[in-house]
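# A closer look at the structure
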Amino acid sequence: MTNPVIETLLSRSAAKYYDPEATLSDDQIRQLVEIGTSAPTSFHLQNWRFIAVRSREAKARLSPIAWSQPPIMEASVTFIICGQLADASVIPARLAPLVEMGVMPASMVQEWETPARDLYQNFPQRQRDEAVRTGTFGAAAIIYAARSMNLGSTPMIGFDADAVHREFNLAPNEVPVMLLSIGAERSGNWAQKPRRPVKEVLDFM
């Protein structure tokens, strides 16, 4: 059984070769990020930010601190996927639109904020773990959205995180989770590589 969504998921592969002349419009980049922000986040924190590196000058700043990987210069855009340390104090503001829409009663906001504070406030590792999870969820949504638009994608963890933090003025609470290049592919990219059999990775209990 299949459908267009499943076909998109199963046909995705990390791109190596991009058309360096191809560009994405502001609206296309905004659309990708909007889709990225539809991904789940803990307590609706939405603790992420996306930096779209697309100008020649910005790409030249990013490339040397990202191992000079070709997609950074050749793809239309490379997102710096930033996760933000989990912070329960933002929950009332994040939930306010739900309250205004009548989806969530105002009395429920505190019911979300209190356990989130208990979960994260005194646990720096949990805060960082949540930042990485959130950024990864958002990046994954962008990857599959790009595939559905016939665009290639390349997630990359090969970069100097401290240098990216400095060069692109990340806030103290932001973690550069990964780089994600998006653009029109040129010939030479592989199809999706075979995966381990399900029987090797699935246990029923």
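Just above, that's the structure.
Residues numbered from 1 in each chain as written. Predicted model: local features only at pLDDT ≥ 70, side-chain atom pairs only at ≥ 80, totals over all residues. Heavy atoms only, no water.

### Describing the pattern of salt bridges
So the rule is basically this: Salt bridge criterion: a side-chain nitrogen from Lys or Arg within 4 Å of a carboxyl oxygen from Asp or Glu. Labels follow the DSSP assignment, with helices taken as runs of H or I lasting at least four residues and strands as runs of E lasting at least two, numbered in each case from the N terminus.
Scanning the entire structure with this criterion turns up nine salt bridges. Here R133 ties to E130 by a salt bridge, and the two come within 3.0 Å at their closest N and O atoms. In this pair, R133 and E130 both sit in helix α7 (residues 124-148), three residues apart, roughly one turn of the helix. Between E200 and R196 there is a salt bridge whose closest N-O contact spans 3.4 Å. Where salt bridges share partners, they join E57, R61 and E167 into one cluster.

### Some words on the packing of aromatic side chains
Rules: We call Phe, Tyr and Trp rings a pair once their centres come within 6.5 Å, taking the six-membered ring for Trp, and we label the pair stacked below 30 degrees between planes, edge-to-face above 60, and tilted otherwise. Working definition: with a 1.4 Å probe on protein chains only, accessible area under 20% of the residue-type maximum means buried, over 50% means exposed, and in between means partly exposed. Whether a charge lies above a ring is judged from NZ of Lys or CZ of Arg, which has to be within 6 Å of the ring centre and within 35 degrees of the ring normal.
Per the stated rule, a full pass over the model turns up two aromatic pairs. Pairing F43 with Y120 gives two aromatic rings, centres 6.4 Å apart and planes at 80 degrees, and the pair type is edge-to-face. Highlighted residues: F43 in the loop between α2 (26-36) and β1 (48-53) and Y120 in helix α6 (residues 109-120), separated in sequence by 77 residues. With a centroid separation of 5.9 Å and an interplanar angle of 45 degrees, the aromatic rings of W48 and F50 are classed as tilted. For the residue pair W48 and F50, the accessibility class agrees, reading buried in each case. The ring of F168 carries the charged tip of R61 above its face, separated from the ring centre by 4.5 Å.

### With respect to the side chain of E113
Here is the rule we go by: Every residue pair with non-hydrogen atoms within 4.5 Å of one another is taken to be in contact.
Within the secondary structure, E113 sits in helix α6. With sequence-adjacent residues up to four places away left out, E113 is seen in contact with A88, S89, I91 and P92.

### Describing the nonpolar core
Note on soluble globular proteins: their nonpolar side chains tend to be buried together. Short version of the rule: What is meant by a nonpolar core is a set of buried Ala, Val, Leu, Ile, Met, Phe, Trp, Tyr and Cys residues, joined one to another through side-chain atoms within 4.5 Å.
Ranked by internal contacts, the top residues of the largest apolar core, which has 21 residues, are L32, F79, I81, L180 and I182. For this core, the elements supplying multiple residues, two or more each, are α2, β1, β2 (77-84), α7 and β4 (174-183). Ranked by the residues each element gives to this core, the list is headed by α7, at six residues. Sequence-distant contacts of F79, that is, excluding residues within four places in its chain, are made with I29, L32, V33, F50, I51, A52, I142, M178, L179, L180 and I182. Membership of the second largest hydrophobic core comes to 16 residues, among which are A58, I65, F168 and L179.

### Thoughts on the pairing of β2
This is how it is decided: Should DSSP find at least two bridges between two strands, the strands are regarded as paired.
Buried residues dominate β2, accounting for eight of its eight residues. Burial along β2 is two-sided: the face carrying V77, F79, I81 and G83 and the face carrying T78, I80, C82 and Q84 are both buried. Here β1 runs beside β2; their pairing, made up of six bridges, is antiparallel. Residue W48 lies in a different strand from β2, and its bridge partner there is G83.

### Regarding a nonpolar patch on the surface
Inclusion rule: Any residue with relative accessible area above 30% and no salt bridge may belong to a patch, with like charges joined within 9 Å and the nonpolar Val, Leu, Ile, Met, Phe, Trp and Tyr side chains within 5 Å. Each accessible area value is a Shrake-Rupley result obtained with a 1.4 Å probe; residue values ignore everything except the protein chains displayed when judging cover.
A surface patch of nonpolar side chains, amounting to about 370 Å² of accessible area, comprises V5, L9, L10 and Y144. It is helix α1 (residues 4-11) that provides the largest number of residues to the nonpolar patch, a total of three residues. Among the structural elements, V5 can be located in helix α1. A residue is classified by how much of its surface remains accessible, and V5, at 57% relative accessible area, is exposed.

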